[in-house]
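Reading the structure
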Amino acid sequence: QRQLLEFGGGLVQAGGSLRLSCRAPRMILSVFSATTMAWYRQGPGKEREFVADITSGRITNYAGSVEGRFTISRDNSKRAVYLQMDSLNSEDTGVYYCNTEAYGQTWWGQGTQVTVSS
């Protein structure tokens, strides 16, 4: 069963920080290590949008709106990917989803809510 589990969302004041985690407990380690892992988000009344991704070689890519504020990283031994979010603002409010392509399928987590109060 495809399964990505996100953790770490919550309520934070503008200017604050949060660290999101995503785990892939049912993915074989070798497969996890070889896949690109990504974060997406969906704000209230908005389409789901790309936030950041990290390749198997740890090359990172960010949406312009989060560049310089967010940092994506991974720990293959834990089958985990992280999103460190700093200098948060109200535009960062939304549900954050973990994503990957593995075993010929697209995987999505259930999402974790991030709310930034101004």
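So, here is what we can say about the structure in this document. Source: prediction; values computed, not measured.

What follows concerns the overall build of the protein. Secondary structure summary: the protein contains 1 helix and 11 strands in total. Put simply, the protein runs from its N terminus to its C terminus through helices and strands in the order β-β-β-α-β-β-β-β-β-β-β-β. A compact globule built from 118 residues would reach a C-alpha radius of gyration of about 13 Å, and the protein, at 14 Å, matches this within 12%. For the protein, the spread of C-alpha atoms along the principal axes amounts to about 40 × 25 × 20 Å. The 118 residues of the protein split such that 43% are buried. With an accessible surface of roughly 6,000 Å², the protein has 47% of that area assigned to carbon and sulfur atoms.

All told, the structure shown has 1 disulfide when counted by the stated rule. A sulfur-sulfur separation of 2.1 Å characterises the disulfide bridge that pairs C22 with C98. Around the S-S axis, the bridge from C22 to C98 shows a dihedral of about -85 degrees and counts as left-handed. Of the two residues, C22 is situated in strand 3 (residues 18-23) and C98 in strand 9 (residues 94-102); the sequence distance between them amounts to 76 residues. For the pair formed by C22 and C98, the shared burial category is buried.

What counts, and at which threshold
- Residues numbered from 1 in each chain as written.
- Predicted model: local features only at pLDDT ≥ 70, side-chain atom pairs only at ≥ 80, totals over all residues.
- Heavy atoms only, no water.
- Helix = DSSP H or I, 4+ residues; strand = E, 2+ residues; numbered from the N terminus.
- Rg over C-alpha atoms; globule rule 2.2 N^0.38 Å.
- Buried < 20%, exposed > 50% of the residue type's maximum accessible area, 1.4 Å probe, protein only.
- Areas by Shrake-Rupley, 256 points an atom, 1.4 Å probe, with all protein chains shown as cover.
- Disulfide = S-S within 2.5 Å.

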